[in-house]
Number of protein chains: 2
Amino acid sequence: MRIGVFDSGVGGLSVVKSLLQHQLFEEIVYFGDTARVPYGVKDKNTIIRYALEAVEFFKNFDIDLLITACNTVSAYALDEMREYSNFDVVGVVKPGIIATENVLRSLESEILIIGTQATIASQAYEQPLRAYGFTNITSKATGLFVPMVEEGLYDGPVLQAAMKHYFRDIKIPDAIILGCTHFPLISDAIKHYFNHHSTMIHSGEAIVEYLEQHYALQHKFDATESKFFASENPEGLKNVAKKWLAL
Amino acid sequence: MRIGVFDSGVGGLSVVKSLLQHQLFEEIVYFGDTARVPYGVKDKNTIIRYALEAVEFFKNFDIDLLITACNTVSAYALDEMREYSNFDVVGVVKPGIIATENVLRSLESEILIIGTQATIASQAYEQPLRAYGFTNITSKATGLFVPMVEEGLYDGPVLQAAMKHYFRDIKIPDAIILGCTHFPLISDAIKHYFNHHSTMIHSGEAIVEYLEQHYALQHKFDATESKFFASENPEGLKNVAKKWLAL
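A short tour of the structure in this document, coming up. (Residues numbered from 1 in each chain as written. Chains lettered and ligands numbered in written order. Predicted model: local features only at pLDDT ≥ 70, side-chain atom pairs only at ≥ 80, totals over all residues. Heavy atoms only, no water.)

## Describing the interface of chain B and chain A
Reports of interface size often rely on the accessible area that becomes lost once the parts have come together. With 26 residues of chain B in contact, the opposing surface of chain A contributes 26 residues. When chain B packs against chain A, close to 1,800 Å² is buried across both sides, 58% of that on carbon and sulfur atoms. At the surface where chain B touches chain A, the tally comes to zero salt bridges. Our enumeration of links across chain B and chain A arrives at eleven residue pairs in polar contact (both at pLDDT 80 or more). Looking at the side of chain B that touches chain A, the elements that each hand over two or more residues are helix 2 (44-58), helix 8 (145-150) and helix 9 (157-167) of chain B. Counting residues per element, the side of chain B that touches chain A draws most heavily on helix 9 of chain B, which supplies six residues. Class assignment for the residues of the side of chain B that touches chain A results in 14 nonpolar, six polar and six charged. (Contact = heavy atoms within 4.5 Å. Buried area = accessible area lost by both parts, 1.4 Å probe. Salt bridge = Lys/Arg side-chain N within 4 Å of Asp/Glu carboxyl O. Polar contact = N/O pair within 3.5 Å; in protein donor to acceptor, adjacent residues only side chain to side chain. Helix = DSSP H or I, 4+ residues; strand = E, 2+ residues; numbered from the N terminus. Nonpolar A, V, L, I, M, F, W, Y, C, P; charged D, E, K, R; others polar.)

Set out below in structure tokens:
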């Protein structure tokens with residue numbers, strides 16, 4: 001099976017990492033829209049327009065499935081992407097919601113959702129979880145975490161100050177949805193901030209579980225061929241890929 | 001005189017503010033490329049491509065002069081913009097350099113240049129200042145300041161932590177070049193961090209001084225007509241304009 005992975009930038013490589021670890025596919029074509037990153041501060045129509053341009057890009061490849069690694073795109077543009085595709089399109093939001101439901105024992109559990117401004121404003125995680133019956137949900141746009149990860153500040157005083165700023169009024173959560181592909185890189189710091197109490201919901205792990213349940217993916221591949229494309233600076237993307245994916 | 005002001009987003013309004021205060025023009029057409037902001041992490045070719053698209057936009061208006069408020073564009077794309085324009089194009093870097101030279105008494109003065117990753121990498125400020133004879137120049141990419149300003153964190157523990165992170169090894173400067181349109185909003189906090197010793201070089205003030213010297217702008221206008229355009233979310237731009245410019 002040949003799949004595409006679409007992200008607004010390099011962050012989606014954290015999802016690719018999970019896909020590679022589970023050896024699910026024989027070929028992965030990655031496209032990061034690095035020339036227009038970040039999407040998380042842009043408005044709905046712009047996000048949809050950019051997502052449809054990515055769909056056109058992937059039509060050049062004979063893919064069976066397109067994974068949208070970006071939470072913001074998953075929150076806003078999936079329906080439109082499906083409408084204009086000749087392949088399946090799966091986002092990370094639904095798998096994240098299912099993983100959260102599977103992990104929590106009580107509908108009174110405290111859930112914290114963090115993501116970009118656009119993802120949080122969409123309520124893409126919050127609404128279905130409320131509909132499922134969860135009552136203690138806090139959604140928080142933590143936009144500064146994205147550039148901090150991009151500057152390599154995975155912990156330390158700057159991240160600590162930002163966590164204090166964002167989390168000052170928040171009860172210790174039972175589950176934290178890392179609603180942005182950048183956040184797995186600061187997962188340990190966030191976990192530590194909340195005294196290691198919370199279960200972290202990671203888009204990459206959640207989507208692997210989802211794909212294993214919804215697609216016939218019995219076969220494990222010894223090697224996955226990976227191709228990386230970027231709308232600017234493909235070398236930069238390849239360097240991050242080498243570092244994150246140990247290629 | 002009718003001018004255009006181009007910026008990657010809303011930040012250029014800090015330059016418009018200076019232009020309005022000095023009543024230099026009868027009409028200002030502002031375009032912010034909010035759909036693709038920020039430019040400061042993008043590469044040279046992308047920045048030039050976006051800048052030339054802005055030039056095409058301004059050709060729809062009968063402007064005499066285009067001011068590039070964005071430091072990153074001023075650092076990379078001015079030559080190309082001039083080549084494809086039928087109007088004058090002025091950036092903020094050269095005026096900032098002249099203002100710095102005018103303010104400092106000694107070539108041994110300590111200069112700190114802060115800006116986006118792309119602006120600092122261009123050495124657009126540093127090279128001419130070294131050629132002029134200044135020897136103690138520190139350039140520092142302070143990318144996190146941009147989203148902090150956008151989240152309204154003009155001071156407080158998060159900005160303090162970021163300043164400590166960026167400035168930990170830096171001697172108290174005699175002049176600080178605020179090499180990004182967002183930075184005037186945290187000018188006071190930076191000044192305070194360095195014990196109020198440093199003279200702050202502000203793009204808006206610097207370009208007003210430059211224009212007054214290089215163009216025949218004797219006439220002061222009681223009212224300046226302003227038009228605001230954005231590549232997405234023009235309402236957001238207008239709201240910031242109302243707040244910053246008290247329109």
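From this point, things continue past the structure.
## A closer look at unusual backbone geometry
Residues and elements named next belong to chain A. Cis geometry marks the peptide bond from Val37 to Pro38, where omega comes out at -5°. For Pro38, the location among the structural elements is in the loop between strand 2 (27-32) and helix 2 (44-58). Although it is not a glycine, Asn233 adopts a positive phi angle of roughly 50°. You can see Asn233 is positioned in the loop between strand 9 (225-230) and helix 12 (234-245). Given a relative accessible area of 37%, Asn233 falls into the partly exposed group. (Buried < 20%, exposed > 50% of the residue type's maximum accessible area, 1.4 Å probe, protein only.)

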